[in-house]
Amino acid sequence: MSLASLVPMAMLATTLLVPLGAVAWAIEPLRVQHQWELDPKLDSKWALENFPAIQAVKIELLDSTFDLDRLKAAQWAGYAARNKLAVEPGSFERLLKAIQSADINPQLRQACISSAADIAGQENVAELWKAISSDSRNAHLGERALVRLRHPAARDIWRQRLNDEIVSRNWLLACEGLAATGDESDAALLVKQVRRDKLPVAYRIAAAKALGTVAKLGQHPFATQILGSNLEHRHLIAAHILRSHSGDVASPILQRIIAEGPTTAQGVAYAALCKSAPNEARKLAPQMVSHAENTIRQSTLDLLQTFSDMESLDLQSNRLADTHSALRNLARNQLLAKYTADEKLRPKLLAYIDREMASNDWHGIEQAILLAAEISDHARCEKLIELLEHPVVDVNVTAAWSLRILANSPEIYGQMLEHAVKWTDRLSRLDPATHDDFHRLAHLLEALGDRHYEPVEPILQKYVPKGDFRMGYVSRMSGIWALGKYWKDGDNYPLAQKLAERAADKLSANPEMDGIRYAATIAIGFIADERSREELIANAEPLPNPCGYATQWALERLDKKKKP
């Protein structure tokens, strides 16, 4: 088993850092990382990412005489583009050439068009459109590329499609196209669609969205008329019509929708109000920041971040315990951004940390722990020791990680050691343990080894022997890494020899896992005893094997130490 497949176990998946201004639920989790993932800082993306399982196929296979090979090449090119992998140079041109070939079969043609649409940029999407615009079966793929790139090449076609008496196939795509490329001159056409008899409600909403995108002024009377009608989903339709209106004229209508409409309409209306009349939206913030709908709380937090008054800060802090993980992390990041801009806010942040740590809500406790680490609040270490026994993993593992960041006194080290000894003894007895227990313990071992806390050394030694893997994979990695860090530049050759045995154990009937071998090699590099050179060279593996990177780094450490 490779390290790349095992390292993700080190992720505390519920811990997130959300960039300001981002859509919260589009954010990838940020892991509470172990120190062996960060120190030494190798060029080791292999340790932190999951690579796609699909093997890359060369675009040259489009020239194959076998259609199956050509199909694979076309599909891979699109997959690479969609997943932000490296797209081979010339892929678009090869796909376009294949599309224009007279003898291409329909399935392969469709695959080539789909991939070319994924790859296309502003500089060549019109060329693709020219090649496929008359292909009734596949033209929609090109249209989607035009919408994505906001390119107007098909705008007249989209206008004509909406003008037709019959609601045709890809009618919704025409609405998207006009929303992306249209202007004020399209407003009348889109108003006509919203008014259109017997139009399915989903289509009417799509037309309202497009209208609200292209028309920035003058649609408030129409929105008022919609609200006064019996039209199905009238609140949502009116909200979409006013979604980008500028000025204050839309404000009373949007506030009416917020007061009367269903949740979905409220979300659209409040987001629009935040843009067009932020001061009016701010008056509603105390009630909207605790709204049941996630998107409304998101809009409120984003709005509050633009205000500097203390009430706004307090309202943001109340979302530290939000049940939506991305939103509570967004609230924390916003508080940190304001604190960074004005350090006078530190007493407020400390008060928020006190409040959340004293609560019974693990969501808020988790955020308070992260805040304490991020503002270097060393005074919280005693409380963090307490929280190591909290029943929720998001709290106890994060507390251990935070102690690794904040602990700075022998008294705290001693209490951390007590926990490390207790859990080490449990593992030695084969008491039941979870991955969470291993991670919590691992952070403590890393911290104590990194601080060169002398009483921990015999505990760390227990993680070197294989011991039928009873000591846990992640905790062994951390224990071995920490032992190396404890003996950094210590010339402990007997220990280095033991670690070399672990690093070399790959061919036995029950071999060490790659992560243990990697950590052992790194620990040898920390110890940096010149007598380890032969073992390192003997166990060296080719790059980009993780252990190969570790060996390269360890040998460089020996070289640097050898120089006068």
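Each value, and the rule that gives it
Residues numbered from 1 in each chain as written. Predicted model: local features only at pLDDT ≥ 70, side-chain atom pairs only at ≥ 80, totals over all residues. Heavy atoms only, no water. Phe/Tyr/Trp six-rings, centres within 6.5 Å; stacked < 30°, edge-to-face > 60°. Helix = DSSP H or I, 4+ residues; strand = E, 2+ residues; numbered from the N terminus. Buried < 20%, exposed > 50% of the residue type's maximum accessible area, 1.4 Å probe, protein only. Contact = heavy atoms within 4.5 Å. Core = buried A, V, L, I, M, F, W, Y, C linked by side-chain atoms within 4.5 Å. 1 Å grid on protein atoms, 1.4 Å probe; cavity = no way out; pocket = protein on both sides within 12 Å on 5 of 7 lines; lining within 4 Å. Points joined across faces, edges and corners; volume = space filled by probe spheres on them. Nonpolar A, V, L, I, M, F, W, Y, C, P; charged D, E, K, R; others polar. Arc of directions from axis to C-beta. Salt bridge = Lys/Arg side-chain N within 4 Å of Asp/Glu carboxyl O.

Attention now goes to the packing of aromatic side chains. Two aromatic rings are characterised by how far apart their centres lie and by the angle between their planes. This model, assessed by the stated rule, comprises six aromatic pairs. Consider the rings of Phe-526 and Trp-553, whose centres lie 5.3 Å apart with planes at 80°: the pair is edge-to-face. On the criterion of sequence distance, the pair formed by Phe-526 in helix 28 (residues 514-527) and Trp-553 in helix 30 (residues 546-562) is long-range, its members being 27 residues apart. Trp-553 gets classed as buried once you look at its relative accessible area, which sits at 14%. Three or more aromatic residues joined by ring pairs make a cluster, and in this case those are Trp-481, Phe-526 and Trp-553.

For His-443, the position within the fold is in helix 24 (residues 435-450). Through-space distance from the C-alpha of His-443 to that of Ala-504 is 26 Å; in sequence the pair is 61 residues apart. Those residues in contact with His-443 that lie beyond four places of it in its chain are Val-32, Gln-33, His-34, Val-397, Ala-400, Trp-401 and Arg-404.

Turning our eyes to something else, we now look at unusual backbone geometry. What you tend to see is this: most non-glycine residues have negative phi, and most peptide bonds are trans. For the bond running from Asp-39 to Pro-40, omega is 5°, close enough to zero to count as cis. Phi is positive for Lys-84, which is not a glycine, with a value near 55°. Tracing the sequence through the fold places Lys-84 in the loop between helix 2 (67-82) and helix 3 (91-99). Lys-84 sits in the exposed class, given a relative accessible area of 78%. A positive phi angle, close to 60°, is found at His-233, a residue other than glycine. Take His-233: it is sitting in the loop between helix 11 (220-227) and helix 12 (234-241).

Before going further, it helps to examine the nonpolar core. Ranked by internal contacts, the top residues of the largest apolar core, which has 172 residues, are Cys-112, Ile-241, Tyr-270, Leu-403, Met-416 and Leu-499. For Tyr-270, the contacting residues outside a window of four places in its chain are Ile-258, Ala-281, Leu-284, Ala-285, Met-288, Ile-296, Ser-299, Thr-300 and Leu-303.

Moving on to empty space enclosed by the protein. Tallied over the full model, the rule gives two cavities of 30 Å³ or more. Space inside the second largest cavity adds up to approximately 40 Å³. Lining the second largest cavity are Ala-500, Ala-503, Thr-521, Ile-524, Glu-535, Leu-536, Asn-539 and Thr-551. Contributing elements (two or more residues each) for the lining of the second largest cavity: helix 27 (493-504), helix 28 and helix 29 (533-538). Grouping the amino acids of the lining of the second largest cavity by side-chain chemistry returns four nonpolar, three polar and one charged.

Here we come to helix 13 (residues 251-260). Listed as buried for helix 13 are Ser-251, Ile-253, Leu-254, Ile-257 and Ile-258. Projected down its long axis, helix 13 carries its buried residues within an arc of 165°, all on one side. Every exposed residue of helix 13 that faces more than 90 degrees away from the buried side is listed here: Pro-252 and Ala-259. In this structure, the buried residues of helix 13 make contact with helix 11, helix 12, helix 14 (263-276) and helix 15 (278-288).

We now examine the pattern of salt bridges. A full pass over the atoms with the stated rule returns 39 salt bridges. Salt-bridge contacts for Arg-256 lead to Glu-260; the nearest nitrogen and oxygen are separated by 3.3 Å. Of this pair, Arg-256 and Glu-260 both sit in helix 13, four residues apart, which is roughly one turn of that helix. Residue Glu-260 is classed as partly exposed on the basis of its relative accessible area of 47%.

This paragraph deals with the side chain of Arg-109. Note that Arg-109 resides in helix 4 (residues 106-119). Discounting residues that sit within four places of it in the chain, Arg-109 has contacts with Ile-99, Ile-104, Ala-131, Ile-132, Asp-135 and Asn-138.

With that out of the way, let us pick up the environment of Glu-446. Within the secondary structure layout, Glu-446 lies in helix 24. The class of Glu-446 is buried, set by a relative accessible area of 0%. On a C-alpha basis, the gap between Glu-446 and Ala-81 in space is 40 Å, while along the polypeptide they are 365 residues apart. With near-sequence residues (within four places) excluded, Glu-446 lies in contact with His-34, Gln-35, Trp-36, Arg-404, Ser-478, Trp-481 and Ala-482.

Geometry only, nothing functional implied.
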